[in-house]
Amino acid sequence: MSMKKIHVAMCVVAAMGISAVASDALVEKAKKAGLKPIPESKTELYKLIDNAKNPITDEKIELGKKLYFDPRLSKSGLISCNTCHNLATGGVDGVDAATGHKWTANPHHLNSPTVYNAVFMEKQFWDGRSPDLEDQAQGPIQAAPEMAATKEHVVSVVNSIPDYVKAFKHAYNDPKFKPGFKDVADVIAIFERTLVTPSRYDEYLNGCDKALSKEEKEGLKIFIDKGCTACHTGVGLGGSMQPFPAVGKYKYANVGDFKGDKNGMVKTPTLRNILETRPYFHNGAVWNIEEAIKIMGETQLGVKISDREAKKIKAFFGALTGKKPYVRYPMLPASTDKTPNPNLK
């Protein structure tokens, strides 16, 4: 029997109530602390990730995926959404400061947040200035240090390619549909809404006691007892706006000049897949997860987290590494004589 089948069998046994119930109290403790699993049911999941104003459909997902990977939306013709939010590397670029047009680093030394599970975030961007993924998708395309494109450039690219125009008409069931800039951002966001990664942690909260190891359970308990769930909570294990630093000094505050929104609030990053999304913090100043855990204790909770406790919490974080949706790299439609030429200047 394969390890996968053994794991599934163990979870079935757990669901039948045959497994030990010692962890029931921990599950209840987690739920009382506000922790919630990704729903197992597609119907329940879509209640969380769908957009009533722009409902998810297979056609929009496929079109959004192509545009997510299409570098022609950028001024240079070299940068796509996937450049900074690489789906093969945890949904991030793996560098401390996002780097875009003409190799320009983010002027505030801001790190690229992961796109995986971003749909569960209450706000988008580190300063929370966007309410949802549809609004957020419009920003990086136009930002000078990122894709550096104009709305007009994006509209020209999409409408110059017959296959894209046809796909939009099909996706919106309108033979006269002519895609605008917002429509491009909307379908990219629809694709991003599907990038959720259920993990063993979710299986555990959904009733599979054997999904977590003893050390991971110990780490979860410490995580809750230390007060980490005050910010890293809900389905997204983050996503709300919080003061940073809250009670202690952040030792790397001099890296970049970002101070949060006008009230000093910073978006709490998700902890899902956290071991795959180095470096850490808004300015990407920390590369070691155990150091990051200790810093959070000092700055946000006013508590000391020991080496042993940090190691246990790190073990729990391993259970947050989720199953990524299979994304086959799309073959993009060919440019035409009307497609804007790349501009590297």
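Check the entry above for the structure.
Here's a quick rundown of the structure. (Residues numbered from 1 in each chain as written. Predicted model: local features only at pLDDT ≥ 70, side-chain atom pairs only at ≥ 80, totals over all residues. Heavy atoms only, no water.)

As for the overall build of the protein chain
The line we're drawing: In this text, helices come from DSSP runs of H or I with a minimum length of four residues, and strands from runs of E with a minimum of two, each type numbered from the N-terminal end. Between the two quantities, the radius of gyration covers C-alpha atoms and the globule rule is 2.2 Å times the number of residues to the power 0.38. We call a residue buried when its accessible area falls under 20% of the maximum for its residue type, exposed when it is over 50%, and partly exposed in between, using a 1.4 Å probe and counting protein chains only. Whether two residues are in contact is decided by their heavy atoms, any of which lying within 4.5 Å being enough. All accessible-area figures derive from a Shrake-Rupley calculation using a 1.4 Å probe, and residue coverage is judged against the displayed protein chains alone. Lys and Arg are tallied as positive, Asp and Glu as negative. Neither His nor the chain termini are counted. Where a charge sits is defined by one atom per residue type, namely NZ (Lys), CZ (Arg), CG (Asp) or CD (Glu).
The number of helices and strands found in the protein chain is 14 helices and two strands. Rg of the C-alpha trace for the protein chain: 21 Å, near the compact-globule value of 20 Å for 345 residues, within the 12% margin. A principal-axis box enclosing the C-alpha atoms of the protein chain has dimensions of 65 × 50 × 35 Å. Each of the 345 residues in the protein chain was classed as buried or not, and the buried ones make up 48%. For the protein chain, long-range pairs separated by at least 24 residues make up 73% of all intrachain contacts whose partners lie at least 6 apart in sequence. Counting every atom, the protein chain has about 17,000 Å² of accessible surface; 55% of that belongs to carbon and sulfur. Side chains of the protein chain carry 48 positive and 39 negative charges; the gap between the two charge centres is 1 Å.

Let's talk about the pattern of salt bridges
Under the convention used in this document: Just to be clear on terms, a salt bridge is a Lys or Arg side-chain nitrogen sitting within 4 Å of an Asp or Glu carboxyl oxygen.
If you walk through the whole model with that rule in mind, you get 17 salt bridges. The partner of Glu62 in a salt bridge is Lys65, with the nearest N and O atoms 3.4 Å apart. Of this pair, Glu62 and Lys65 both sit in helix H4 (residues 58-69), three residues apart, which is roughly one turn of that helix. Looking at Glu62, the relative accessible area reads 37%, which means it is partly exposed.

A short note on unusual backbone geometry
Cis rather than trans, the peptide bond between Phe244 and Pro245 has omega equal to -10 degrees. Locating Pro245 in the fold gives a position in the loop between strand S1 (241-243) and strand S2 (265-267). A cis amide bond links Arg278 with the next residue in sequence, Pro279, at an omega value of -5 degrees. Locating Pro279 in the fold gives a position in the loop between S2 and helix H13 (289-301). Located in the positive-phi region is Leu237, a residue other than glycine, with phi close to 50 degrees. Mapped onto the elements, Leu237 comes out in the loop between helix H12 (214-225) and S1. Classification of Leu237 as buried rests on a relative accessible area of 0%. Unusually for a residue other than glycine, Phe281 sits at a positive phi of about 75 degrees.

Structural notes on the packing of helix H2 (residues 24-32) against H12
For clarity, the threshold we go by: For helices, the fitted axis covers only the stretch in contact; all axes are lines through C-alpha atoms, and the angles between them, taken along N-to-C directions, range from 0 to 180 degrees. Working rule for handedness: look at the near helix, and if it is turned counterclockwise from the far one by less than a right angle, call the crossing left-handed; if clockwise, right-handed. Charged residues are taken to be Asp, Glu, Lys and Arg, nonpolar residues to be Ala, Val, Leu, Ile, Met, Phe, Trp, Tyr, Cys and Pro, and polar residues to be all remaining types, Gly included.
Interaxial distance between H2 and H12 falls to 10 Å at its minimum, and their mutual angle equals 35 degrees. Every pair of crossing elements has a handedness; the one defined by H2 and H12 is left-handed. Seen from H2, the contacting residues are Leu26, Lys29 and Ala30; seen from H12, they are Lys217, Leu220, Lys221, Ile224 and Asp225. Residue composition of the contact of H2 with H12, grouped by class: four nonpolar, no polar and four charged.

Some words on the environment of Phe244
Inspection of the secondary structure assignment puts Phe244 in the loop between S1 and S2. In contact with Phe244, not counting residues within four places along its chain, are Tyr250, Gly264, Val266, Phe281, His282, Met296, Thr299 and Gln300.

Regarding the nonpolar core
When a protein is soluble and globular, its nonpolar side chains tend to lie buried together. As a reminder of what qualifies: To qualify as a nonpolar core, a set must consist of buried Ala, Val, Leu, Ile, Met, Phe, Trp, Tyr and Cys residues joined through side-chain atoms within 4.5 Å.
Counting 43 residues, the largest nonpolar core has Leu67, Leu73, Phe120 and Ile188 as the members making the most contacts within it. Among the elements of the structure, helix H3 (42-49), H4, helix H8 (151-159), helix H9 (162-171) and helix H10 (181-193) are those that each provide at least two residues to this core. By residue number, the principal contributor to this core is H10, which donates eight residues. Setting aside its immediate chain neighbours within four residues, Phe120 contacts Ile38, Leu45, Leu48, Ile49, Val196, Val235, Gly236 and Gly238.

Re H8
Quick reminder of the rule: The arc under discussion is defined with respect to the helix axis, by the directions toward the C-beta atoms.
Among the residues of H8, those classed as buried are His153, Val154, Val157 and Val158. Considered in projection along H8, the buried side chains sweep an arc of 125 degrees and stay on one side of the axis. Elements in contact with the buried residues of H8: H4, helix H7 (138-142), H9 and H10.

By themselves these figures say nothing about function.
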